[in-house]
Amino acid sequence: MSSHLIIGQYVPGHSVIHRLDPRAKLLIVFVYVLIVFWANNIPTYALLSLFAVVFAALSRIPFSFIARGLKPILWVILFTLLLHLFMTKEGDVIYRIGALSVYEGGIKQGLFISLRFLLLVLMTTMLTLTTTPIEVTDGVESLLGPLKKMRVPVHELALMMAISLRFIPTLMEETEKIMKAQAARGVDFSGGRFSERMKAIVSLLVPLFISSFKRADELATAMEARGYRGGEGRTKFRQLSWKAADTAFLAAVALLAVLLFLLRS
Amino acid sequence: MNWTMPFFCLLFIGRICNAATQGETIMAEPILSIEGVSFRYPNQSDYAVQNVSFIAERGEWLAIVGHNGSGKSTIARMLIGLLRPERGAIRLFGCLLDDTTVWEVRRRVGMVFQNPDNQFVGATVEDDIAFALENNGIPRAEMVERIREAIRQVHMEPFLHHEPHRLSGGQKQRVAIAGILALRPDMIILDEATSMLDPRGREEVLETVRRLNCQQRITVLSITHDLEEAAKADRIIVMNKGEVMAEGAPEHIFRLGSKLERIGLDLPFAVKMGSRLREQGIPLRAGYFTTEELVEELWTLYSKK
Ligand SMILES: Nc1ncnc2c1ncn2[C@@H]1O[C@H](COP(=O)(O)OP(=O)(O)OP(=O)(O)O)[C@@H](O)[C@H]1O
Ligand SMILES: [Mg+2]
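Residues numbered from 1 in each chain as written. Chains lettered and ligands numbered in written order. Predicted model: local features only at pLDDT ≥ 70, side-chain atom pairs only at ≥ 80, totals over all residues. Heavy atoms only, no water.

Quick look at the overall build of chain A now. Helix and strand counts for chain A stand at eleven helices and two strands. Listing each helix as α and each strand as β along chain A from the N terminus yields α-α-α-α-α-α-β-β-α-α-α-α-α. The C-alpha atoms of chain A give 24 Å as radius of gyration, which overshoots the globular expectation for 265 residues (18 Å, by more than 25%). The C-alpha extent of chain A, read off along each of the three principal axes, is 70 × 55 × 35 Å. Taken across its 265 residues, chain A has 39% of its residues classed as buried. Restricting to contacts in chain A with at least 6 residues of sequence separation, those with at least 24 account for 73%. When the accessible surface of chain A is split by element, carbon and sulfur atoms take 70% of a total near 15,700 Å². Within chain A, the 18 negative side-chain charges are centred at a point lying 2 Å from the centre of the 29 positive side-chain charges. (Helix = DSSP H or I, 4+ residues; strand = E, 2+ residues; numbered from the N terminus. Rg over C-alpha atoms; globule rule 2.2 N^0.38 Å. Buried < 20%, exposed > 50% of the residue type's maximum accessible area, 1.4 Å probe, protein only. Contact = heavy atoms within 4.5 Å. Areas by Shrake-Rupley, 256 points an atom, 1.4 Å probe, with all protein chains shown as cover. Lys, Arg positive; Asp, Glu negative; His and termini not counted. Charge placed at Lys NZ, Arg CZ, Asp CG, Glu CD.)

Printed below as a string of structure tokens:
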């Protein structure tokens, strides 16, 4: 249960992709997600797939990990495929089952859209598989830095995110502890009717909330005691370093965008 | 007002304080003095702390003991400016604690809280130690140096990149101490910092603090329920219902005996044993605090016969 719940299924490694600056990875994935929607013919989809496959291969993450990340959306893809297969009425009729007929355009459209989905999820999964959540936070904070001028509390948001990430395991431990304590008092979490289950969940949530508030209060006090007074005048320990590889990968995705723009029909 | 203003004020005040103390440097000046401090929580009629005064000398180990709700934590919070006294004055390093000095005080006085989990801010040990350094605007190159030094002082080098959930309670508390040490503090306040730890974790933490107290002359203010732990302090302050009930060296305090038990404190086993033995007419010298010391006394007494 615990490995499933942790946001970001980071797989430790030292590949080129792992070592990319989180800002570069965020930008690459962001651009990729945008240009996926340009593709509309075989050459463009082929290029996009090639990029994603090379990217995944360079990460040296075992295929099984990637597949596990893709599994939850398999049904969505299948559903989209079927929907397009029967709903799009373009081109020649290929096959007929009773009142339903499958057109050539339907097959093409269905495959394209499913592939688009698959590529989107693949690339975002690659980001979470090769980047620790705290690196993602650092990257987001740095990329959103310019927004500080517009009084967007970027530092505070990033700190909030970092602290939430740090407390996930703590709160999961706590949840387990409360569940055991309530089970010892006769609460049944595994079975029973719907209303009984709801009651069981309330008996878990109430103590969890109360203790979380207490934690938050104590943490705020501890932070203040350690001299925290907002983002101003603060230095940063975690540092991001932009390397040649980052520029190269960013150039690659830019090239991909240009090619896609030229080849789309 | 710009946020740097307090710093300038501080520098200025620092000068004056230094100048003022220059003449009497030979006399041991208390690092901390509280004079007639009272405090009430908002919307409360009773005082949580009432007319409390005491001092701490540089390099001293001072213990504050008292029953639940006797105002110990409230005092600790006032010392680093988390709460503001209603009456009275707090002086640290010769300067009055107020809005202009509070940040400097928080740099020089570190506090370890009771719950090891709820004071761990960073994603990993090194991030957590860096937190206070970041807050104080220490340049990154120096941070790395200071983190290495601090982690070595608490003997946690192998855990530098560990996440908090992979550490024991005692280890987390030692990380908290390292976070304080990185700021090169003059004083550490432990607010029941060992009460949630198992005996081994407790001993590790106390050993670490004891070493810092001896070697670096860092003043320690230890708030505890555990009289056994307090027995090792240089001086003990006993709190009762927000007031100071007694103050003095451990042997002096333990002579109060049943008076301490009446306000809800549990005397160490060796102290209780010692007084029982004396009642039975065994000629023990006064004041035994640890079990080892009692055993030592008993066998030497036996072999003298
Ligand atoms: N946030 C608060 N609001 C109102 N009253 C409070 C608050 N915190 C503490 N008090 C009250 O102030 C008094 C002193 O509390 P304090 O926490 O200083 O005691 P303590 O000696 O640290 O006790 P313990 O040994 O349980 O930690 C208590 O009567 C308590 O109920
Ligand atoms: Mg307390």
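Turning our eyes to something else, we now look at the domain arrangement of chain A. By domain assignment, chain A separates into domain 1 (16-131 + 241-263) and domain 2 (147-225). When each unit is reduced to the centre of its C-alpha atoms, the spacing between domain 1 of chain A and domain 2 of chain A is 36 Å. (Domains from an automatic or database assignment.)

Right, let's talk about the pattern of salt bridges for a bit. Taken as a whole and judged by the stated rule, the model has 30 salt bridges over all chains. For the salt bridge of K236 of chain A with E141 of chain A, the shortest nitrogen-to-oxygen distance reads 3.5 Å. Note that K236 of chain A is positioned in the loop between α10 (194-225) and α11 (244-263) and E141 of chain A in helix α8 (residues 133-143), a separation of 95 residues in sequence. Look at E141 of chain A and you get buried, because its relative accessible area is 11%. Where R166 of chain B meets E163 of chain B, a salt bridge forms, and the shortest distance between an N and an O atom there is 2.9 Å. (Salt bridge = Lys/Arg side-chain N within 4 Å of Asp/Glu carboxyl O.)

Accessible area lost upon the coming together of the parts is a frequently used measure of interface size. Opposite the 37 residues of chain B that make contact, chain A presents 27 residues. Of the roughly 3,000 Å² buried at the junction of chain B and chain A (both faces included), carbon and sulfur atoms supply 54%. Sorting the residues of chain B by area buried against chain A places N118, N135 and R140 of chain B first, and these three jointly supply 21% of that buried surface. Put simply, chain B and chain A have five salt bridges between them. Note that R226 of chain A and D128 of chain B form a salt bridge whose closest N and O atoms lie 3.4 Å from each other. At the surface where chain B touches chain A, the tally comes to 15 residue pairs in polar contact (both at pLDDT 80 or more). (Buried area = accessible area lost by both parts, 1.4 Å probe. Polar contact = N/O pair within 3.5 Å; in protein donor to acceptor, adjacent residues only side chain to side chain.)

Residues and elements named next belong to chain B. Pairing is antiparallel in the open sheet, where four strands are placed in the order β2-β1-β4-β5. Each end of this open sheet is capped by a strand with a single partner; those strands are β2 (49-56) and β5 (95-96). Sheet topology places strand β1 (residues 32-39) next to strand β4 (residues 87-92); five bridges connect them, and they run antiparallel. Residue pairing across strands places L32 opposite L92, the latter belonging to β4. Seen against the sheet, helix α2 (residues 72-79) touches β1, β2 and β4 and runs at an angle of roughly 120° to β1. (Pairing = 2+ DSSP bridges. Axes fitted to C-alpha atoms, helices over the stretch in contact; angles between N-to-C directions.)

Our next topic: the sheet that holds strand β6 (residues 109-112) of chain B. Residue and element names in this part refer to chain B. Strand order in the open sheet made by the six strands is β6-β7-β8-β3-β9-β10, with mixed pairing throughout. Each of the sheet's edge strands pairs with one partner strand only, and the pair in question is β6 and β10 (243-248). Neighbouring strand axes in the sheet, compared pairwise and without regard to direction, differ in orientation by 15° on average. Strand direction decides the pairing type here: strand β3 (residues 61-66) and strand β8 (residues 219-224), joined by five bridges, are parallel. Its bridge partner lying in β8, A63 is registered against S222. With respect to the sheet, helix α7 (residues 199-215) is in contact with β3, β7 (187-191) and β8, its orientation differing from that of β3 by roughly 140°.

This brings us to the site of ligand 1. Residues and elements named next belong to chain B. Of all residues adjacent to ligand 1, which total 13 residues, the nearest are N68, G69, K72, S73 and T74. N68 places a side-chain nitrogen or oxygen 2.8 Å from an oxygen atom of ligand 1. At 2.7 Å from an oxygen atom of ligand 1 is found a side-chain nitrogen or oxygen belonging to S73. Here ligand 1 has 640 Å² of accessible area as a free molecule, and 60% of this is covered by the chains. With respect to the pocket detection grid, ligand 1 is positioned in the second largest pocket. Here the shell around ligand 1 is composed, by residue class, of two nonpolar, nine polar and two charged. (Near = heavy atom within 4 Å. 1 Å grid on protein atoms, 1.4 Å probe; cavity = no way out; pocket = protein on both sides within 12 Å on 5 of 7 lines; lining within 4 Å. Sits in = over half its atoms within 2 Å of the grid points. Nonpolar A, V, L, I, M, F, W, Y, C, P; charged D, E, K, R; others polar.)

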